[in-house]
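# Structural characterization, general
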Amino acid sequence: MNKRDFIKTLGFAAAGVAIANSSSALPLFFKGNRKSTWPEIWTWMGGNPSRSDDEWKSIFEKLHNAGFGGVLFESGVELLAHVAPFAQDAGIELHSWMWTLNRPADEEAKKHKDWYVVNRNGESCYDKHPYVEYYQWLCPSKEEVFQHIEKDALSRVRIPGVSGVHLDYVRYPDIILPKALQPHYGLVQDHEMPEYDFCYCETCREKYMRKTGMDILTLPNPDLDEQWKQYRYDSVTRFVNRLAKLVHKQKKVISAAVFPYPELARTICRQSWNDWNLDAFFPMIYQNFYEEDIPWIGKATRNGVRDLKGKAHLFSGFFLPDLPNEGDLSQAIHEARSNGANGISIFEYEGLKEYQWQEIKQFYESKSIR
Ligand SMILES: [Zn+2]
């Protein structure tokens with residue numbers, strides 16, 4: 001099941017991501033310490049293998065004409081290599097959007113039961129999938145897992161015409177779901193429930209024991225132990241930073257789709273993303289999931305920008321079904337740009353209504369007359 005289907009099963013309509021376009025003289029988008037050639041308007045895009053070459057050409061051209069500069073493309077290596085020249089010809093920057101630690105279709109991983117995360121009840125994610133069938137998560141603390149994912153990431157960035165890799169699901173399974181999703185599962189997650197609290201595998205327990213002299217399972221309330229939380233933030237951080245080094249060696253860039261801002265991301269999925277050495281972050285600031293309004297996009301953007309301290313770019317990610325009315329998308333763009341984002345990303349372009357294409361275009365063109 002892909003991300004869009006997941007969202008559909010949760011009762012939401014399909015969504016989109018938009019990214020920004022590169023151009024000069026963009027004072028608000030260049031507040032960070034680093035100059036950038038990154039496009040400012042992006043979209044996440046699912047790779048549909050049934051499309052013809054002419055369809056790919058016209059999709060990328062349409063995006064380019066509307067002001068989109070980059071696409072985060074979800075597919076296997078073969079389709080990625082096929083599509084890359086069409087994106088390039090249309091002037092679109094293409095990054096490979098890959099599922100990192102949640103690997104439901106990974107036949108190689110399935111041969112290794114011990115690669116999967118284990119919850120506080122001792123249940124392996126290999127056997128029992130939290131929330132949804134396709135939640136099949138690997139443990140970031142294991143060297144074998146790293147080597148396996150590394151191979152995948154490098155095979156993507158080595159494809160000519162692919163300028164980067166975009167990590168998704170690079171975290172632990174949701175320990176606490178966004179508020180609006182909890183009722184779908186009949187849950188009230190006002191504390192860390194053992195069945196959703198990962199990872200207590202042998203490797204994690206041993207590594208934590210070496211570090212602290214303590215077996216985490218002997219504590220009466222491991223979920224309340226701050227050091228144990230930190231161990232898990234660091235485990236994902238180390239994983240990401242090792243990957244970043246290898247991708248940079250290939251002279252390619254690396255980014256990630258992350259939860260709205262670091263403090264919230266740590267709490268709900270142990271993703272301490274401001275510690276990661278990536279080139280860019282695409283926080284999924286999907287306000288309705290958190291029962292928030294459009295101005296919250298601005299607040300979340302500001303928190304992320306503040307915590308990154310200028311070390312990487314930030315593109316505020318929008319969920320189109322949360323922005324249904326004419327003007328909503330423009331307001332979201334305004335919130336992102338006035339709070340220091342380097343651009344925006346839309347989940348996803350296929351959900352764009354005609355007036356939203358126009359709003360993107362207006363945003364793009366407004367920059368050239370500024
Ligand atoms: Zn583990």
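Conventions and cut-offs
- Residues numbered from 1 in each chain as written.
- Predicted model: local features only at pLDDT ≥ 70, side-chain atom pairs only at ≥ 80, totals over all residues.
- Helix = DSSP H or I, 4+ residues; strand = E, 2+ residues; numbered from the N terminus.
- Contact = placed C-beta atoms within 7 Å.
- Axes fitted to C-alpha atoms, helices over the stretch in contact; angles between N-to-C directions.
- Left-handed = near helix turned anticlockwise from the far one by under 90°.
- Nonpolar A, V, L, I, M, F, W, Y, C, P; charged D, E, K, R; others polar.
- Buried ≥ 20, exposed ≤ 12 C-beta atoms within 10 Å, placed from the backbone.
- Pairing = 2+ DSSP bridges.
- Right-handed = clockwise from strand over helix to strand, strands pointing away.
- pLDDT = per-residue confidence, 0-100.
- Parallel < 35°, antiparallel > 145°, perpendicular 65-115°, else oblique.
- Expected span 1.5 Å × (residues − 1).

Here we take up the overall build of the protein. Helix and strand content of the protein: 11 helices and nine strands. The contacts in the protein between residues at least 6 apart in sequence include a share of 76% that link residues at least 24 apart.

Helices that pack against each other are described as a pair by the angle of their axes relative to one another and the distance between those axes. Where helix α5 (residues 143-157) meets helix α7 (residues 226-249), the closest approach of the two axes is 10 Å, and the angle between their N-to-C directions is 35°. With respect to the hand of their crossing, α5 and α7 are arranged in right-handed fashion. Seen from α5, the contacting residues are Phe 146, Glu 150, Ala 153, Leu 154 and Val 157; seen from α7, they are Phe 239, Arg 242, Leu 243, Leu 246 and Val 247. Looking at the contact of α5 with α7 residue by residue, the class counts come to eight nonpolar, no polar and two charged.

Most of strand β8 (residues 313-319) is tucked away: seven of the seven residues are buried. Here β8 shows two buried faces, one formed by His 313, Phe 315, Gly 317 and Phe 319 and the other by Leu 314, Ser 316 and Phe 318. Across two bridges, strand β7 (residues 280-283) lies against β8 in parallel orientation. The residue bridging Ala 280 from the neighbouring strand is His 313, located in β8. As a crossover connection, the stretch from β7 through helix α9 (residues 295-308) into β8 is right-handed. In terms of strand pairing, β8 meets strand β9 (residues 343-347) through five bridges, oriented parallel. Looking across to β9, one finds that Phe 318 is bridged to Ile 346.

Predicted confidence across the protein gives a mean pLDDT of 90, with 89% of residues reaching 70 or more. Predicted confidence for residues 1-35 stays below pLDDT 50, and this span has 104 contacts to residues more than four positions away or in other chains.

Where helix α2 (residues 53-66) contacts helix α3 (residues 77-89), the axes come no closer than 9 Å and their chain directions differ by 40°. By the angle class used here, α2 and α3 are oblique. The two elements α2 and α3 meet at a crossing, and its hand is right-handed. From α2, Asp 53, Trp 56, Lys 57 and Phe 60 reach across to α3, where they touch Val 83, Phe 86 and Ala 87. Along the lines of polarity and charge, the residues of the contact of α2 with α3 split into five nonpolar, no polar and two charged.

Attention shifts here to helix α10 (residues 328-338). In an α-helix, one turn spans 3.6 residues; hence positions three or four apart end up facing the same way. Listed in full, the buried residues belonging to α10 are Leu 329, Ala 332, Ile 333, Glu 335, Ala 336 and Arg 337. A positive backbone phi angle near 100° is found at Gly 340, which sits one or two residues after α10.

Here we take up the environment of Gly 304. One can find Gly 304 in helix α9. Sequence-wise, Gly 304 and Phe 259 are 45 residues apart; in three dimensions their C-alpha atoms are separated by 9.9 Å.

The buried fraction of strand β2 (residues 40-46) is high, at six of seven residues. Judged from the three bridges that link them, β2 and β9 form a sheet pairing that is parallel. Along β9, the bridge assignment pairs Thr 43 with Ile 346. One ladder, built from five bridges, connects β2 with strand β3 (residues 70-74); its direction is parallel.

Across the junction of Phe 198 and Cys 199, the peptide omega takes the value 5°, indicating a cis bond. Position of Cys 199 among the secondary structure elements: in the loop between β5 (162-168) and α6 (202-212). Between Phe 347 and Glu 348 the backbone carries a cis peptide bond, its omega angle lying at -15°. With respect to the element layout, Glu 348 can be found in the loop between β9 and α11 (354-368). We note that Glu 291 has phi near 55°; this positive angle belongs to a residue other than glycine. Judged by the 10 C-beta atoms lying within 10 Å of it, Glu 291 falls in the exposed class.

Let's shift gears to the environment of Arg 306. With respect to the helices and strands, the residue Arg 306 is situated in helix α9. Residue Arg 306 is classed as partly exposed on the basis of its 14 C-beta neighbours within 10 Å.

Attention now goes to α7. An ideal rise of 1.5 Å per residue puts 34 Å on 24 residues; α7 measures up with 35 Å between its terminal C-alpha atoms. By the burial criterion, the buried members of α7 are Arg 232, Ser 235, Val 236, Thr 237, Phe 239, Val 240, Leu 243, Ala 244 and Val 247. Against α5, β5 and β6 (253-258) lie the buried residues of α7.

This part takes up the environment of Ser 316. Structurally, Ser 316 can be placed in strand β8. Along the sequence, Ser 316 and Ile 297 sit 19 residues apart, while their C-alpha atoms lie 7.8 Å from each other. The contacts of Ser 316, once residues within four sequence positions are left out, are Pro 283, Ile 285, Ile 297, Thr 301, Ala 336, Ala 341 and Ile 344.

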